[in-house]
Amino acid sequence: MPDFQVLFESAPGLYLVLDPELRIVAATDTYLRATMTERAEILGRHLFDVFPDNPEDPEATGVANLRASLERVLNRRVPDTMAVQKYDVARPAAAGGGFEVRYWSPRNTPVLGPGGRLTQIIHQVEDVTKLVLLQQQDDEAQQQTARLQAEILRRSDELHRANRFLAALLDNLDVGVAAMNAQGDWTVFNRAMRELYGVPEDWAPELVGQRVADLTFGPDGKPMPPERTPLLRALGGEHVRAADVLVQVPDRRERIFVARAQPITSSDGRRLGAVTALHDVTSVRRAERFRACEQQVRRILSTSATIEEAAPDVLHAVADALGWPHAELWLIDPLTDTLHDIAEWSAPGLRLDDRVGGSADIIATVWASGQPLWVPDLAESTHLAVALAVPVRDGDVMYGVLTCYANTAEYDEGLLAVLLGGVAAQIGLFLAVRRAADLRVQLSRSRDDFLTLVGHELRTPLTTICSYAAMLTDDPSADDTRSMIQAIDRNARTLRALVDDLLELAGLESGHLSLTVTGLDLAEIARAAVAAAEPAAAANAVRLDPDLPEHLPMRGDATRLRQVVDNLISNAIKYSPAGGDVQIRLRDEAGVAELRISDRGIGIPPADRDRLFGRFYRASNVAHHGIAGTGLGLAVVRAIAELHHGTITLDTAHQPGASLLLRLPGHTA
């Protein structure tokens, strides 16, 4: 790559580059020599600080005229050519100081960046001092004219070289640039543009125009009429800020560009032509399409019951987003551990006589490695050119392979693998959720089968045992075996209570047991539960300390809520083996009923608190106290609370003992 700074500084013309604040940013060597300045002394300084008017010339207008021209360029963003100006330049001190009379022919040209923003001004001058002085000196006119003609020829040659430099500069840009003159003839078609359209450097301008017209399309994929192309719109006077165009060259991938175009005008407003620049945004637009594709895939999966139902539409959406003609989804059969093609989609008109060449090896490789695979050249296929396969997985679980095929060359391997991998991840998540749902159904069915077994095969024999044990206990002749019969009866009743609790909990959680919702008074229910628990409390040396409002109306199932309060008070009494107080507090907190039951008993060990409301949970310290129980009571309490849209929680700050808080909304549906 050439050093453009060196090339510029060595250019034969007299050029000075200014930023929009009129600070000097670059100068050619010839300019420095002509103005008797040094580059290090002028760079970064304001133009008029370096080149002020000659203070010895009260009629000097050089600064004012040049400032006016530069302001026109800044405001209009078009070149401005000035008449010959008298603008004296300062001599270095080593050359005697003072100012030297000079006449210049200046031209100021804007340099525009993206969006038409002015980035620099090129100040170009010709030193015509000698010509002016010749006009003032008739006696030397002929001789000086001859010398000037030679100088003009020399400078003409320099101009040709400068033009060649500018052409080379345009050819080294990675942005496509093209320009026309006012008559519509092509004047610039840089290398990036030639490579894009496949145009040889020596093609005639009229053939270039036909090639561009044949291969340029609108964003909708339809041919773009020549008069609607950005360049011709600009030739008509329009400023085209950003217009999407498609370029479709046979046997190449479609590419998308943002075109910017504007008229080229002279300083007096005459339209000299138009210029356009094409910026490749294929990857950006493809990513935008894939974001829309991911949303579409998400909608398809959310409305589909099975992957077999969703797969055809998913493949269609993915292939459309890629602009590729064929896609396949392969899933692993968990029973046979083999891959099966469950769906595929092909663009209309695409005929694949056999399975895509090499596809089996592609899919097997991805299955084995769990990594995306890019195949840039499908040598075995006559219809397709490129393949991209990505694993369908959820975490470490592999479900299958998603494969897409292009019929033209592609290059964005990394981007496409990421984009397609996002869709594959959605499919993997869908499969994981569906299989988890299937497993939940199977587990629920197994649980129902187990509960049916418990209900019919255990409850009936236990009822019979309890009945006969009661009869034997009442038989006067059974005095010798009465204690054993009572043990049988006690244990059978305990086992039947366990079965009843288990069936009740399963019914509540599954919805088989529903609530009977009516208006009720929770304060009245709590008072009744306290009264019923008094005998058990007295037997355990426990004092019940209720603090209840007169009324607390709400809606709910009175029977189930009484069951909850009975269970909580019973637990507080049972787990206070050394006696003590059990507090029962009921409050209405902003429309939420809060029932708190606290004791000073054995409490809940910190390690067991997370499992307090689980099935069959019994704290590790219960066994040391010999307290009986099934471990299902609080699980039933939680199920009833949740059916009322409420919560039951443990207050871990309460010490010693345990404090449980039941919260119920005031108007339960």
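Scroll up for the structure.
Procedures and definitions
- Residues numbered from 1 in each chain as written.
- Predicted model: local features only at pLDDT ≥ 70, side-chain atom pairs only at ≥ 80, totals over all residues.
- Heavy atoms only, no water.
- Helix = DSSP H or I, 4+ residues; strand = E, 2+ residues; numbered from the N terminus.
- Contact = heavy atoms within 4.5 Å.
- Areas by Shrake-Rupley, 256 points an atom, 1.4 Å probe, with all protein chains shown as cover.
- Salt bridge = Lys/Arg side-chain N within 4 Å of Asp/Glu carboxyl O.
- Expected span 1.5 Å × (residues − 1).
- Buried < 20%, exposed > 50% of the residue type's maximum accessible area, 1.4 Å probe, protein only.
- Polar contact = N/O pair within 3.5 Å; in protein donor to acceptor, adjacent residues only side chain to side chain.
- Pairing = 2+ DSSP bridges.
- Axes fitted to C-alpha atoms, helices over the stretch in contact; angles between N-to-C directions.
- Phe/Tyr/Trp six-rings, centres within 6.5 Å; stacked < 30°, edge-to-face > 60°.

Asks: An account of the overall build of the protein is requested, with residue identities and associated values reported.
Replies: The helix and strand tally for the protein stands at 18 helices and 26 strands. In the protein, of all internal contacts separated by at least 6 residues, the share reaching a separation of at least 24 is 56%. A total accessible area of about 35,400 Å² is found for the protein, and carbon and sulfur atoms account for 53% of it.

Asks: Explain the pattern of salt bridges residue by residue, including any values.
Replies: If you walk through the whole model with that rule in mind, you get 19 salt bridges. Residues participating in the shared-partner salt-bridge network are Arg91, Glu100, Arg102 and Asp127.

Asks: Describe in detail helix 17 (residues 558-574), supporting the description with residues and values.
Replies: The terminal C-alpha atoms of helix 17 lie 24 Å apart, and with 17 residues this matches the ideal 24 Å at 1.5 Å per residue to within 8%. What helix 17 keeps buried is the set Arg560, Leu561, Val564, Val565, Asn567, Leu568, Ile569, Asn571, Ala572 and Ile573. You can read the cap of helix 17 off the contacts: a side-chain oxygen lies 3.1 Å from the backbone nitrogen of Thr559, and it is on Asp557.

Asks: Let's hear about the sheet that holds strand 19 (residues 397-406): which residues, and what values?
Replies: Read from one edge of the open sheet, five strands run 16-15-19-18-17, paired in antiparallel fashion. Bordering the open sheet on either side are strand 16 (338-346) and strand 17 (373-375), each of which pairs with just one other strand. Within the sheet, the average angular offset between the axes of one strand and its neighbour, ignoring direction, is 20°. Relative to strand 19, strand 18 (residues 386-394) runs antiparallel, the two being bridged by nine bridges. Bridge pairing in strand 19 links Asp394 to Val397. Docked against the sheet, helix 12 (residues 307-322) engages strand 15 (326-333), strand 16 and strand 19, running at close to 55° with respect to strand 16. Those strands touched by helix 13 (residues 359-369) are strand 15, strand 16, strand 17, strand 18 and strand 19, and its axis lies near 145° from that of strand 19.

Asks: Give me the environment of Glu344: which residues, what numbers.
Replies: Checked against the element boundaries, Glu344 lands in strand 16. Through-space distance from the C-alpha of Glu344 to that of Leu329 is 6.3 Å; in sequence the pair is 15 residues apart.

Asks: Help me get a handle on the pairing of strand 7 (residues 103-112), residues and values and all.
Replies: Looking along a regular strand, one sees side chains alternate from face to face of the sheet. Of the pairings in the sheet, the one linking strand 3 (residues 80-81) to strand 7 comprises two bridges and is antiparallel in character. Residue pairing across strands places Asp80 opposite Asn108, the latter belonging to strand 7. Pairing of strand 4 (residues 85-86) with strand 7 involves two bridges; the strand directions are antiparallel. Paired with Lys86 across the bridge in strand 7 is Tyr103. As defined by bridge partners, strand 7 adjoins strand 8 (residues 118-127) across nine bridges and the pair is classed as antiparallel. Considered in strand 8, the bridge of Val111 is made with Gln120.

Asks: An account of the environment of Ala11 is needed here, citing residue identities and associated values.
Replies: Mapping Ala11 onto the fold places it in the loop between helix 1 (4-9) and strand 1 (14-18). In this structure the C-alpha to C-alpha distance between Ala11 and Glu158, which are 147 residues apart in sequence, comes to 8.1 Å. Ala11 has contacts with Thr28 and Thr30, leaving out every residue within four places of it along the chain.

Asks: With reference to specific residues and values, describe the packing of aromatic side chains.
Replies: One pass over the full model with this rule turns up four aromatic pairs. Residues Phe8 and Tyr15 carry aromatic rings whose centres are separated by 6.5 Å and whose planes lie at 50° to one another, so their mutual orientation is tilted. There is no split in this pair, since Phe8 and Tyr15 are both buried. Between Tyr31 and Phe51, the aromatic rings sit 6.2 Å apart at their centres with planes inclined by 85°, giving edge-to-face as the arrangement. One end of the pair, Tyr31, is in helix 2 (residues 29-35); the other, Phe51, is in the loop between helix 4 (47-50) and helix 5 (62-76), and 20 residues separate them in sequence. We classify Tyr31 as buried; its relative accessible area is 5%. Taken together through their ring pairs, the aromatic side chains of Trp186, Phe189 and Tyr197 make up a single cluster.

Asks: I'd like a description of the sheet that holds strand 11 (residues 216-217), backed by residues and values.
Replies: A sheet is described by the order of its strands in space; here six strands give the open sequence 10-9-14-13-12-11, paired in antiparallel fashion. This sheet does not close on itself; its edge strands, each paired only once, are strand 10 (186-189) and strand 11. Relative to strand 12 (residues 240-247), strand 11 runs antiparallel, the two sharing two bridges. Bridging from a neighbouring strand, Thr216 pairs with Val247 of strand 12. The sheet contacts of helix 11 (residues 282-302) involve strand 12, strand 13 (255-265) and strand 14 (271-280), and relative to strand 13 the element is tilted by about 130°.

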